[in-house]
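What the coordinates show
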Amino acid sequence: MSIAWVFPGQGSQKVGMADSVLSLPGAEKRFALASEIIGRDLIAICNGNSSNNIEPSDLNDTRNTQPALFVVESLLIDDLRQQGREASLAAGHSLGELVALYAADVFDARTALSLLQRRSELMASAGGGAMTAVIGFDRTELDELIAATPDVVIANDNSSAQVVLSGTPEAVNQVSKSLNCKRAVPLQVSGAFHSPHMAEAADAFSKELDQITFEDARIPVLSNYEPTPSRDGELLKQRLKKQMTSGVRWRETMNIIAKEGINTVVEIGPGNVLSGLIKRSINGVTTSQIANSKDLGH
């Protein structure tokens with residue numbers, strides 16, 4: 001059996017998701033480390049605890065979402081590996097790419113959380129943009145509209161039938177209204193993520209990455225910027241540097257997973273968004289989800 005591990009990004013978070021992993025070994029220590037690094041009580045945020053000035057909506061603040069998802073997904077990975085379970089390939093969607101790098105032993109949990117604290121702060125401060133998901137469209141028409149409209153790009157190329165546009169509010173609105181599609185759904189985000197509008201944030205994050213040593217990966221990782229398998233730590237770092245300003249090439253990632261002969265894809269983290277995309281896009285591949293301690297057999 002050839003297995004790929006995939007890790008979801010923002011949008012998959014759920015209030016209460018900390019409870020589903022707190023019984024795992026090292027969970028309280030990992031949450032305490034994350035809370036120390038970000039300067040907020042991450043368990044309380046995950047649980048939507050209304051005390052101490054925390055509201056359920058705080059989990060959707062990108063500065064909380066990114067470290068919270070990393071902690072949950074990394075604890076699930078730790079337990080899988082302690083059981084002796086392994087993958088042939090790893091990939092993640094947006095922030096999920098950093099979890100994939102952790103799963104491949106490119107860096108440790110403290111390093112990952114420090115990077116995510118900086119990444120999320122930079123992304124949250126890069127405001128002024130907009131993002132809209134469009135579903136059910138003609139790819140040629142979409143490409144032509146984007147080519148004719150400045151200041152808008154495809155941020156997430158999720159599948160042949162689903163993409164996310166990113167750019168200035170005016171440009172995103174113009175393309176989404178002109179495109180013949182089944183649905184266009186504006187996303188509640190603070191900026192134009194995965195677009196050239198993130199250039200300043202990406203430059204600052206690149207300097208942060210320069211201070212970190214990336215070890216060669218234990219298993220090949222598919223990056224969002226360039227979805228070809230690699231174990232080379234320095235190459236994976238250079239690809240991550242370009243992630244903020246480039247699109248998430250998930251449609252191509254799924255094609256590579258199929259070409260690599262993967263027959264089982266396990267989505268590790270809350271929800272089943274990536275599993276659903278894979279089911280609809282790749283024939284002959286079994287999908288499963290590991291979202292909590294019960295899924296691990298605890």
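As a reminder, the structure under discussion sits directly above these lines.
Helix and strand counts for the protein stand at 11 helices and 9 strands. Against the globule reference of 19 Å for 298 residues, the protein gives a C-alpha radius of gyration of 18 Å, in line with a compact fold. C-alpha extents for the protein along the principal axes are approximately 50 × 50 × 35 Å. Evaluated residue by residue, the protein yields a buried proportion of 55% over its 298 residues. For the protein, contacts bridging at least 24 residues in sequence account for 73% of all contacts bridging at least 6. Element-wise, carbon and sulfur atoms account for 45% of the exposed surface of the protein, whose accessible area totals about 12600 Å². With 27 positive and 35 negative side-chain charges, the protein shows a separation of 3 Å between the mean positions of the two kinds.

Attention now moves to the environment of Ser-20. Relative to the helices and strands, Ser-20 is located in the loop between β1 (3-7) and α1 (27-38). Put simply, Ser-20 and Ser-275 are 255 residues apart on the chain and 20 Å apart in space, counted from C-alpha to C-alpha. Look past the residues within four positions of Ser-20 in its chain and what remains in contact with it is Ala-291, Asn-292 and Ser-293. In this structure the side chain of Ser-20 is engaged in a polar contact, spanning 2.6 Å, whose partner is the backbone oxygen of Met-17.

Let's shift gears to the pattern of salt bridges. Throughout the structure, instances matching the rule amount to 12 salt bridges. Between Asp-61 and Arg-63 there is a salt bridge, with its nearest N and O atoms 2.6 Å apart. Taking relative accessible area as the criterion, Arg-63 reaches 33% and is therefore assigned partly exposed. Ionic pairing is found between Lys-241 and Asp-210, a salt bridge with its closest N-O pair at 2.6 Å. Of this pair, Lys-241 sits in helix α9 (residues 233-241) while Asp-210 sits in helix α8 (residues 199-210), placing them 31 residues apart in sequence. Judged by its relative accessible area of 15%, Lys-241 is buried.

About the criteria used
- Residues numbered from 1 in each chain as written.
- Predicted model: local features only at pLDDT ≥ 70, side-chain atom pairs only at ≥ 80, totals over all residues.
- Heavy atoms only, no water.
- Helix = DSSP H or I, 4+ residues; strand = E, 2+ residues; numbered from the N terminus.
- Rg over C-alpha atoms; globule rule 2.2 N^0.38 Å.
- Buried < 20%, exposed > 50% of the residue type's maximum accessible area, 1.4 Å probe, protein only.
- Contact = heavy atoms within 4.5 Å.
- Areas by Shrake-Rupley, 256 points an atom, 1.4 Å probe, with all protein chains shown as cover.
- Lys, Arg positive; Asp, Glu negative; His and termini not counted.
- Charge placed at Lys NZ, Arg CZ, Asp CG, Glu CD.
- Polar contact = N/O pair within 3.5 Å; in protein donor to acceptor, adjacent residues only side chain to side chain.
- Salt bridge = Lys/Arg side-chain N within 4 Å of Asp/Glu carboxyl O.

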